[in-house]
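Working through the structure, step by step
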Amino acid sequence: MTDKIKRINNPLTIIAIFAALAEINATVAISLIDKNLHSIFIWFVIGFPTLLVILFFVTLNYNTKVMYSPSDYTDDKNFIDSLYGNVKISKSSTDLSKKVSHEIEIRINEKINEKLIKLKNENPSITNEIQKIEDEITSITKESFDEIKEEFEIPVELNKKLISLFKWPAFYNLIYAIVQTGSKSKSDIKKNLNNYFIPSGWNKGGLAKLELLEIIINYDDNNFHINPVFKNGLNIWVSKNADTLKEINTLYKYTQNLDSDSEEYKKIRVQIDEIKDQLLF
């Protein structure tokens, strides 16, 4: 029977129960207090829930995310995005870079067209030749920008996969070590453990998770390699976040000989989570 009772896992439910109990207690208590205090008590009974509602809506307006539990979200990604605004900011920065690239492309073509129109007006007899050149330049310009974007932008699909790991910065530390050292096997990683400390479990759960996300492929008990589709994007991402990833890696080194229940360990984990918020995607 108790299995049918839904457990309380939401701040909204707790607030509602608290308010209801307070009103019930007040109703019972009013008959027990001195009549001279009735008017004061009644104003308290009126004012308390009013104040509670006001504070509730103020909190809801300025800090909405604290009012919901993870189970209230149908998608884990939505929950992560609600907690970590920096993910959205980094997405918008990516969109901005695309807009800037597009704007540069348009302006270059406009300048070229101005010159070509002027040339046409001065030499009407070569209009057809100029048109061919114009079309060729436009095509070359577009191809060049597309190539540049591929070289300097992180693929959207890779971004999504990296963002999905946001709650577990140890994965970023593992990716950082693999990319920086060019590791292609477990033994390669082990050789670099002194320089790139990776928390325990990397050789089982860590690599298996990256394989599941298709960030690394052809993974077996010994060998693996980075998915060629994401290799350039991972290099860009690691380069873009090199300083932040280095800080995370350094902090993980400090936890190496600490008890996971110790206060010092917990403080370092808090630091890792704070620094993790600086990562760009």
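In this text, all values refer to a predicted model and were calculated from it rather than measured experimentally.

Side note on the confidence of the model for the protein chain
Here the protein chain averages 76 in pLDDT, while 71% of its residues score no lower than 70. Confidence, read as mean pLDDT per element, is least for helix 3 (residues 76-83) in the protein chain (59) and greatest for helix 7 (residues 169-181) (90).

Things to note about the pattern of salt bridges
Applying the stated rule across the entire model yields two salt bridges. Here K161 ties to E157 by a salt bridge, and the two come within 3.9 Å at their closest N and O atoms. One end of the pair, K161, and the other, E157, are both in helix 6 (residues 156-163), four residues apart, so they sit about a helical turn from each other. On the basis of relative accessible area, K161 is assigned to the buried category, the value being 12%.

Some details on helix 7
For helix 7, built from 13 residues, the straight-helix expectation of 18 Å at 1.5 Å per residue is met to within 8% by its first-to-last C-alpha distance of 19 Å. Counting buried positions along helix 7 yields 10 of 13 residues, so the element is predominantly enclosed. Regarding helix 7, the residues found buried are P169, F171, Y172, N173, L174, I175, Y176, A177, I178 and V179. Downstream of helix 7 by a residue or two, G182 has a phi angle that is positive, lying close to 65°.

Re unusual backbone geometry
Unusually for a residue other than glycine, E214 sits at a positive phi of about 65°. With respect to the helices and strands, E214 occurs in the loop between helix 9 (202-212) and strand 1 (216-217).

Focus on the packing of helix 6 against helix 10 (residues 228-240)
Each pair of packed helices gets described by two things: the angle between the helix axes and the distance between those axes. Between helix 6 and helix 10, the least distance of the axes is 10 Å, while the angle of their chain directions is 60°. Put simply, helix 6 runs oblique to helix 10. Read as a crossing pair, helix 6 and helix 10 show a hand that is right-handed. Mapping the contact onto sequence places E157, L158, K161 and L162 in helix 6 and F230, G233, L234 and W237 in helix 10. Residues that form the contact of helix 6 with helix 10 fall into these classes: five nonpolar, one polar and two charged.

Focus on the nonpolar core
Counting 41 residues, the largest nonpolar core has L162, Y172, I175, L207, L210, I215 and W237 as the members making the most contacts within it. At the level of elements, helix 6, helix 7, helix 9, helix 10, helix 11 (242-254) and helix 12 (263-276) are the ones that each hand at least two residues to this core. Top contributing element to this core by residue count: helix 7, with eight residues. Leave out the neighbours within four places in its chain, and I175 touches L162, L165, L210, I215, L234 and W237.

With respect to the packing of aromatic side chains
Inspection of the entire model under this criterion finds six aromatic pairs. Note on W168 and F171: the rings are 6.5 Å apart at their centroids and 90° apart in plane angle, and the pair reads as edge-to-face. Taking relative accessible area as the criterion, W168 reaches 41% and is therefore assigned partly exposed. Their ring planes at 55° and their centres at 6.0 Å tell us that Y172 and F281 sit as a pair that is tilted. Taken together, the positions of Y172 in helix 7 and F281 in the segment after helix 12 put the pair 109 residues apart, joining distant regions of the chain. Using a relative accessible area of 1% as the deciding quantity, one classes F281 as buried. Aromatic ring contacts, followed pair by pair, group F166, Y172, W237 and F281 into a single cluster.

Here's the deal with the environment of Q271
Relative to the helices and strands, Q271 is located in helix 12. What makes Q271 partly exposed here is its relative accessible area of 38%. For the pair formed by Q271 and L251, sequence separation is 20 residues and the distance between their alpha carbons is 8.0 Å.

The rules behind the values
Residues numbered from 1 in each chain as written. Predicted model: local features only at pLDDT ≥ 70, side-chain atom pairs only at ≥ 80, totals over all residues. Heavy atoms only, no water. pLDDT = per-residue confidence, 0-100. Helix = DSSP H or I, 4+ residues; strand = E, 2+ residues; numbered from the N terminus. Salt bridge = Lys/Arg side-chain N within 4 Å of Asp/Glu carboxyl O. Buried < 20%, exposed > 50% of the residue type's maximum accessible area, 1.4 Å probe, protein only. Expected span 1.5 Å × (residues − 1). Axes fitted to C-alpha atoms, helices over the stretch in contact; angles between N-to-C directions. Parallel < 35°, antiparallel > 145°, perpendicular 65-115°, else oblique. Left-handed = near helix turned anticlockwise from the far one by under 90°. Contact = heavy atoms within 4.5 Å. Nonpolar A, V, L, I, M, F, W, Y, C, P; charged D, E, K, R; others polar. Core = buried A, V, L, I, M, F, W, Y, C linked by side-chain atoms within 4.5 Å. Phe/Tyr/Trp six-rings, centres within 6.5 Å; stacked < 30°, edge-to-face > 60°.

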